[in-house]
Amino acid sequence: MPREVKPGFVQLVGAGPGAADLLTLRALRAIEGCEALLYDALISEEVLALAPKDCLKIQTGKRAGRTSMKQETINRLMLRLARRGLQVVRLKGGDPSVFGRVGEEADFLNAHGIGTAVVPGVTAACAAAAQFNFPLTHRKQARRVVFTTARLEAGALQADWSSAADPETTLAIYMGGGAAAELSARLIDAGRAASTPALAVESAGTPRARLRRGTVGELARLVEDGEGGPVLLVIGEVAALADAREISDELDAARALSA
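Residues numbered from 1 in each chain as written. Predicted model: local features only at pLDDT ≥ 70, side-chain atom pairs only at ≥ 80, totals over all residues. Heavy atoms only, no water.

Colleague: Could you give an account of the overall build of the chain, naming the residues involved and the relevant values?
Modeller: A count of helices and strands for the chain gives 8 helices and 12 strands. Split into buried and exposed, the 259 residues of the chain put 44% on the buried side. Counting only contacts in the chain whose residues sit at least 6 apart along the sequence, the fraction spanning at least 24 positions is 69%. In the structure as shown, the chain presents an accessible area of about 13,400 Å², 51% of it carried by carbon and sulfur atoms. (Helix = DSSP H or I, 4+ residues; strand = E, 2+ residues; numbered from the N terminus. Buried < 20%, exposed > 50% of the residue type's maximum accessible area, 1.4 Å probe, protein only. Contact = heavy atoms within 4.5 Å. Areas by Shrake-Rupley, 256 points an atom, 1.4 Å probe, with all protein chains shown as cover.)

Colleague: How would you summarise the packing of helix α3 (residues 71-83) against helix α4 (residues 102-111) if you had to cite specific residues and measurements?
Modeller: Across the interface, α3 lies against α4 with an axial gap of 10 Å and an inter-helix angle of 45°. What the angle tells us is that α3 and α4 run oblique. Handedness of the crossing formed by α3 with α4: right-handed. Across the interface between the two elements, Gln 71, Ile 74, Asn 75, Arg 76, Met 78 and Leu 79 of α3 pack against Glu 104, Glu 105, Phe 108 and Leu 109 of α4. Taken together, the residues of the contact of α3 with α4 sort by class into 5 nonpolar, 2 polar and 3 charged. (Axes fitted to C-alpha atoms, helices over the stretch in contact; angles between N-to-C directions. Parallel < 35°, antiparallel > 145°, perpendicular 65-115°, else oblique. Left-handed = near helix turned anticlockwise from the far one by under 90°. Nonpolar A, V, L, I, M, F, W, Y, C, P; charged D, E, K, R; others polar.)

Colleague: Which residues make up the sheet that holds strand β11 (residues 210-215), and what values do they have?
Modeller: Taken in spatial order, the 5 strands make up an open sheet running β6-β9-β12-β10-β11, and their pairing is mixed. At either margin of the open sheet sits one strand with a lone partner, and together these are β6 (144-149) and β11. In this sheet, adjacent strand axes meet at a mean angle of 20° when their direction is disregarded. One ladder, built from 5 bridges, connects strand β10 (residues 197-202) with strand β12 (residues 231-235); its direction is antiparallel. Following the sheet pairing, Ala 198 is matched in β12 by Ile 235. (Pairing = 2+ DSSP bridges.)

Colleague: Account for the pairing of strand β9 (residues 169-174), naming residues and giving values.
Modeller: Among the 6 residues in β9, 6 count as buried, and that is most of the element. The side-chain alternation of β9 yields two buried faces, one formed by Thr 169, Leu 171 and Ile 173 and the other by Thr 170, Ala 172 and Tyr 174. Strand direction decides the pairing type here: β6 and β9, joined by 6 bridges, are parallel. Bridge assignment links Val 146 to a residue of β9, and that residue is Leu 171.

Dropping the structure here:
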């Protein structure tokens, strides 16, 4: 009589912005202990190298605006692997709860009797703020932060941007590079001053990160000549505090002095 296979477990893990030393300890342990790893296109080789050598690794290719594995295919792949009794890690860039479809995946797996757990990670806006020395909130300048995406449908920007007019709101706009010109127009129409400081950060939190500074009226210029990495737009008075010198440069200098 065939032995009954006990179902496995799926951890939905945030890999952060790419650098392995920005992983949480819980994320590291999940990756080191997994038997099957389903990872997104933006996961760095440095992080992937932490998985066991005999681990089954499958690239799901999730990348905005590019051909990728369909979500329903990813869901069923996780289910099939877990039903084989494997410990599965679904590895996502940034934080899985920030535009990571973690709710959809957990609901699907739970509905099919598979247990799940979410492991948070550093999201791009927090990584960019730390890397380039600016706060997302700041007394008398920014009382709130809004995380949003620049979603295009049929070539047009969706959603109501009127709430973005508040001068004390920091906007962190994910996947905003392709819609920068229309974003600029929408924000100005909604009442945000064209002179409001703005940043475009490409590949935030990685050694390839690139910072460009300007204003809301200059968003289109800020994303010119990009290198193909994911672009985060940060809009608000705190953007004027950004330092082109990365915090990592300062840490390296401090370590050299203490050596």
